[in-house]
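Overview (structure and organization)
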Amino acid sequence: MRSSNPVFSRRGFSRGGGYAGFGAAQQAGGPAAVQGNPYAGSNPYAQQQTQQAPGNPYAAGAQQNLTPEQLQQMYGAPPAGPQTDRMTMDDVVMRTGMTLGTVIVAAAAAWIAQLPIGAGIGAALIAMVLGLVQAFKRKASPALILGYALFEGLFLGVISQVYNERWSGAPMQAVLGTMAVFVGVLAAYKTRLIRVNARFQRFVLAAAIGFVLLMAVNLLFAVIGGGDGMGLRTGPVGIIFGIIGVVLGAAFLAMDFKQVEDGVRYGAPREESWLAAFGLTLSLVWIYLELLRLISIFRD
C-alpha cells in the first residue's frame, strides 16, 4: 500500500491490480471472490472461507459420516481462539496512537529545546526521505514509520514555534482545527455523507497532484524572485488555496477511513495496520500545516 499522503500516489492494502485490489481477477479453479473484497486475490483467508474444513458439522453431508462419539468429542472441544494474523480496528487505533504519539512527543521536545530553523528543515528532509522509502516498500516497516514520525515531529515543533512567535496561539488553533476536521470527516463518512468510490479517488488524486505541482512552482518562483513567488500563499488568493489544501486533506482522510474499513472487513494481514497508521498520520500532518498557514493569513 502506498501512503495516504497527497504527495504520493495511492493504492490499497492489497498487492493486486487496481486501487485497493479492486478489479483483481478471481482465483482460478475456485468459487468467485466476494464482490468488493480487495483481498480476495491475495488474501489466503478469502480462499479458506470458501472451502469446507474436514469434519465441519455444518458442511453438507458432513454429519452423516460422524459417529455419536466423534460428535460428542467435537462439541466438547474448547472453542477456537480469534485469528490474530488479521488486521483489526484495535490494531489500527493502537498503531496510529503510537505514530501520532511519537509525532507529538518529538514536536514538544523540539519546541522546548528551541531548535533552530535549520534543524527543522533538516528533520523535514529526513522525514520526507523515510516517508518516500516506506511509500514504495511492499511491506510495512514499523522502524521506518516511527522514524518518519520522529523527524516529522521535530520539524512540526520547530515550524510551530516560528509561527507562534509571530502569531501567538496559531499552533493551538491549528491543532483544534485539525481535530475538528478529523471528527467531522469521520462523522460524514460513517453517516455516508461522504462516499468514497473509484470516481472520488480519481478526482481527489488528480486535484492533489495539480495542487502540489502548483505549490512547487510557486516555491520555485519564491526562491528565484523572492517574496511569495506567484502570490498563491498570501492575501485572498492564499486563503482560497489554503481552503483547497484543507479540503484535499479531508478528502484523503476519508480515503484513509475507506482503506481501514476495507482492511478490517476483508481480513487484511495484521501488518497492514502500520500502513493505515502511516496514512492517517500523513493526512493529519497535511491538514495541520495547511490550517497553520491559513490561520496566519487570516491573522494578518
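Just so it is clear, the structure is predicted and the values come from calculations on it, not from any experiment.

Here is what the cut-offs are and how they apply
- Every chain is numbered on its own, with residues counted from 1 as its sequence reads.
- For a predicted model such as this one, the threshold for reporting local features is a pLDDT of at least 70, and the threshold for listing and counting side-chain atom pairs is 80 or more; totals across whole chains, interfaces and linings nevertheless cover every residue.
- Hydrogens and water are ignored here; the side-chain numbers use all heavy atoms of the structure.
- Only runs of H or I of at least four residues qualify as helices and only runs of E of at least two qualify as strands under DSSP, and these elements are numbered from the N terminus.
- Each helix should span, by expectation, one fewer than its residue count multiplied by 1.5 Å.
- Throughout, exposure labels follow a simple rule: accessible area from a 1.4 Å probe, protein chains only, divided by the maximum for the residue type, with under 20% read as buried, over 50% as exposed, and the rest as partly exposed.
- Arc, as used here, means the arc of the directions from the helix axis to the C-beta atoms.
- Contacts between residues were defined by any pair of non-hydrogen atoms, one from each residue, lying within 4.5 Å.
- Salt bridge, as used here: a side-chain nitrogen of Lys or Arg that lies within 4 Å of a carboxyl oxygen of Asp or Glu.
- As used in this record, nonpolar core signifies buried Ala, Val, Leu, Ile, Met, Phe, Trp, Tyr and Cys residues forming a set joined through side-chain atoms within 4.5 Å.
- Cavities and pockets are defined on a 1 Å grid built over the protein atoms alone: a cavity is a set of grid points where a 1.4 Å probe fits but cannot escape, while a pocket is an open set with protein on both sides within 12 Å along at least five of seven lines, and lining residues are those with an atom within 4 Å of any such point.
- Grid points are joined across faces, edges and corners, and a volume is the space filled by probe spheres set on the points.
- In this count, Pro and Cys sit with the nonpolar residues alongside Ala, Val, Leu, Ile, Met, Phe, Trp and Tyr, while Asp, Glu, Lys and Arg are called charged and the others, Gly among them, polar.

Let's talk about helix 6 (residues 170–190)
Taking 1.5 Å of rise per residue, 21 residues should cover 30 Å, and helix 6 covers 30 Å from first to last C-alpha, within 8% of that figure. Those residues of helix 6 not exposed but buried are A170, P171, A174, T178, V181, V185, A188 and Y189. Summarising the axial view, the buried residues of helix 6 lie within an arc of 115°, below the 170-degree limit, and thus occupy one face. For helix 6, the exposed residues set more than 90 degrees away from the buried face come down to M172, L176, M179, V183 and K190. Looking at the packing, one finds that the buried side of helix 6 touches helix 3 (89–113), helix 5 (142–166), helix 8 (235–265) and helix 9 (272–299). Just downstream of helix 6, R192 is the residue with a positive phi angle, here 65°.

Some remarks on the pattern of salt bridges
One pass over the structure, following the stated rule, counts five salt bridges. Here R95 makes a salt bridge to D91, at a shortest N to O gap of 3.7 Å. Of the two residues, R95 and D91 both sit in helix 3, four residues apart, roughly one turn of that helix. Its relative accessible area of 5% is what places D91 among the buried residues. For K258, the salt bridge identified is with D262, shortest N-O distance 3.5 Å. Here the residue K258 and the residue D262 both occupy positions in helix 8, the gap between them amounting to four residues, near one helical turn.

Topic: the nonpolar core
Counting 54 residues, the largest nonpolar core has Y148, L156, V185 and L253 as the members making the most contacts within it. Contributing elements (two or more residues each) for this core: helix 3, helix 4 (117–136), helix 5, helix 6, helix 7 (198–225), helix 8 and helix 9. It is helix 9 that contributes the most residues to this core, 15 residues altogether. In this structure, L156 is in contact with V103, V285, Y288 and L289, ignoring residues within four places of it in sequence.

As for unusual backbone geometry
With phi around 55°, Q114 is a residue other than glycine that occupies positive phi space. Structurally, Q114 can be placed in the loop between helix 3 and helix 4. In this structure, R192 is a non-glycine residue whose phi angle is positive, near 65°. Counting through the fold element by element, R192 comes out in the loop between helix 6 and helix 7.

Thoughts on the layout of surface pockets
A volume near 980 Å³ is recorded for the second largest pocket. L100, I104, T178, M179 and L284 are the residues nearest the centre of the second largest pocket, which is lined by 34 residues in total. For the lining of the second largest pocket, the secondary-structure elements that each account for two or more residues are helix 3, helix 5, helix 6, helix 8 and helix 9. Of all the elements, helix 3 adds the most residues to the lining of the second largest pocket, at 11 residues. Residues of the lining of the second largest pocket, tallied by class, amount to 25 nonpolar, seven polar and two charged.

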